[in-house]
Amino acid sequence: MRDGSEAMATQQQTSSSPIDNGMPHSARIYDYWLGGKDNFAADRAVAEALMTAIPTVRSMAAENRHFVHRAARYLAGKAGVRQFLDIGTGIPTRPNLHEVAQQVAPETRVVYVDNDPIVLAHARALMISSEQGRSEYIHADMRQPEMILNHRTLREVLDLDQPVALTMIAILMLLKDADDPWRKVRVLMDALPSGSYVAITHPTGDFNPEAVKTAVASAVDSGMTLVPRSRDEVARFFEGWELVEPGIVPVMAWQPDDGEPADPHAAYYWAGVARKP
């Protein structure tokens, strides 16, 4: 019997990028950790290897989702942003970013971006928007930020003369230093007007160097790129923008809903939100 993802792969013949079920992909690994079914054996093998290195990695993935919800409520609420650009969307997991933001402000517009054909196959779920707002999906790669910015759908949905919230959740780890992720992120940030925001989470070895080193080795052995970064390296992504309180902190400690976590370092991610002056 085929699992849901294998059946979907058979159906998804119109994608410009064929689904490679022999190569692990971060979106499908996260899907597995979050209890989804849109993943292949190669994804599950890497996911399990990373769980061996870091047994709490499932809860860390969940903490990233919780951050998305908190940040979306803040950005659509207190910050008053009505446009979002989400890079590295992943497989839809309800509530999705647009659902959270549109609960606060139904007129919110969201453009999602990912390069996994499985995510493309689910794009219809990402585009179920409120009547007042709009939600669309672009199949594109964050390694080509200019192409994202010039995409017809993005230009139709987002007004780049008005503030935009750029969100990149647990995705920049897929770019090596040699790819200059700081420049690629800056291309996106520079295209946004004053009053825009950026929200980032990024895995780090700062809290448990040995475990993260083992996890990275497992990922690399499977043909994946996984680059944890220090707080200083993550801070470079926010340079020139004004950090929102409490600044760059462990992901669990960014404006938590239920008071300060007992151990904010239990999830090995830095997180931050900043505003363009």
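By the naming in an unreviewed UniProt entry, the protein chain goes by S-adenosyl methyltransferase and is assigned to Salinispora arenicola.

Our next topic: the overall build of the protein chain. Looking only at helices and strands, one finds 12 helices and 8 strands in the protein chain. Along the longest, intermediate and shortest principal axes, the C-alpha atoms of the protein chain span 45 × 45 × 35 Å. The burial tally for the protein chain puts 55% of its 277 residues in the buried class. In the protein chain, 74% of the contacts between residues at least 6 apart in sequence involve partners at least 24 apart. Summed over its atoms, the accessible surface of the protein chain is roughly 12200 Å², and 49% of this surface lies on carbon and sulfur atoms. Computing the positive centroid from 27 side-chain charges and the negative centroid from 36, the protein chain places the two 3 Å apart.

Turning our eyes to something else, we now look at the pairing of strand S8 (residues 269-275). Buried residues dominate S8, accounting for 6 of its 7 residues. Of the strand pairs in this sheet, strand S5 (residues 197-203) and S8 are connected by 7 bridges, and their pairing is antiparallel. Bridging across to S8, His-202 finds its partner in Trp-270. Direction of pairing for strand S6 (residues 242-243) relative to S8: antiparallel, over a ladder of 2 bridges. Its bridge partner lying in S8, Glu-242 is registered against Arg-275. With 2 bridges connecting them, strand S7 (residues 249-250) and S8 associate as antiparallel partners. Residue pairing across strands places Pro-250 opposite Trp-270, the latter belonging to S8.

This part covers the pattern of salt bridges. Counted under the stated rule, the structure contains 12 salt bridges. Its salt-bridge partner being Asp-257, residue Arg-73 comes within 2.8 Å of it at the nearest N-O pair. In this pair, Arg-73 is assigned in helix H4 (residues 57-76) and Asp-257 in the loop between S7 and S8, connecting sequence segments 184 residues apart. Under the relative-accessibility criterion, Asp-257 is labelled exposed at 53%.

Assignment of secondary structure puts Arg-186 in helix H10 (residues 181-190). The exposure class of Arg-186 is partly exposed, given its relative accessible area of 22%. In sequence terms Arg-186 and Asp-86 are 100 residues apart; their C-alpha atoms lie 15 Å from each other. In contact with Arg-186, other than residues within four places in its own chain, are Arg-236, Phe-237, Phe-238, Glu-239 and Trp-241.

With that out of the way, let us pick up the nonpolar core. Counting residues in each nonpolar core, the largest one holds 94 residues, and the members touching the most others are Trp-33 and Met-168. Apart from the residues lying within four places of it in its own chain, the contact partners of Met-168 are Ile-87, Val-185, Leu-188, Val-198, Ala-199, Ile-200 and Thr-201.

Our focus in this paragraph is the layout of surface pockets. By volume, the second largest pocket is sized at about 180 Å³. As for the second largest pocket, its lining consists of Glu-63, His-66, His-69, Arg-70, Arg-73, Met-252, Pro-256, Asp-257, Asp-258, Gly-259 and Pro-261. Split into classes, the residues belonging to the lining of the second largest pocket amount to 3 nonpolar, 3 polar and 5 charged.

We now examine the packing of H4 against helix H5 (residues 97-104). Relative to each other, H4 and H5 sit at 35°, their axes nearing to 8 Å. Crossing handedness for the pair H4 and H5: right-handed. Counting all contacts with H4, which are made through Val-68, His-69, Ala-72, Arg-73 and Ala-76, the residues of H5 involved are Leu-97, Val-100, Ala-101 and Val-104. Grouping the constituent residues of the contact of H4 with H5 by class yields 7 nonpolar, 1 polar and 1 charged.

Scanning the entire structure with this criterion turns up 4 cavities of 30 Å³ or more. Lining the largest cavity are 26 residues, with Arg-65, Gly-88, Thr-89, Gly-90 and Ile-169 sitting closest to its centre. Elements with a contribution of two residues or more to the lining of the largest cavity: helix H2 (26-33), H4, strand S2 (109-114) and strand S4 (165-169). When the residues that make up the lining of the largest cavity are grouped by side-chain class, the tally is 14 nonpolar, 8 polar and 4 charged.

A word on the pairing of S5. For a regular strand, side-chain orientation follows a simple rule: the groups alternate between the two sheet faces. For S5, a buried count of 7 out of 7 residues is recorded, marking the element as mostly surrounded by other parts of the structure. On S5, burial covers both faces: Tyr-197, Ala-199, Thr-201 and Pro-203 on one face and Val-198, Ile-200 and His-202 on the other are all buried. The pairing of S4 with S5 spans 5 bridges and is classified as parallel. The partner of Met-168 across the bridge, within S5, is Ile-200.

What counts and how
- Residues numbered from 1 in each chain as written.
- Predicted model: local features only at pLDDT ≥ 70, side-chain atom pairs only at ≥ 80, totals over all residues.
- Heavy atoms only, no water.
- Helix = DSSP H or I, 4+ residues; strand = E, 2+ residues; numbered from the N terminus.
- Buried < 20%, exposed > 50% of the residue type's maximum accessible area, 1.4 Å probe, protein only.
- Contact = heavy atoms within 4.5 Å.
- Areas by Shrake-Rupley, 256 points an atom, 1.4 Å probe, with all protein chains shown as cover.
- Lys, Arg positive; Asp, Glu negative; His and termini not counted.
- Charge placed at Lys NZ, Arg CZ, Asp CG, Glu CD.
- Pairing = 2+ DSSP bridges.
- Salt bridge = Lys/Arg side-chain N within 4 Å of Asp/Glu carboxyl O.
- Core = buried A, V, L, I, M, F, W, Y, C linked by side-chain atoms within 4.5 Å.
- 1 Å grid on protein atoms, 1.4 Å probe; cavity = no way out; pocket = protein on both sides within 12 Å on 5 of 7 lines; lining within 4 Å.
- Points joined across faces, edges and corners; volume = space filled by probe spheres on them.
- Nonpolar A, V, L, I, M, F, W, Y, C, P; charged D, E, K, R; others polar.
- Axes fitted to C-alpha atoms, helices over the stretch in contact; angles between N-to-C directions.
- Left-handed = near helix turned anticlockwise from the far one by under 90°.

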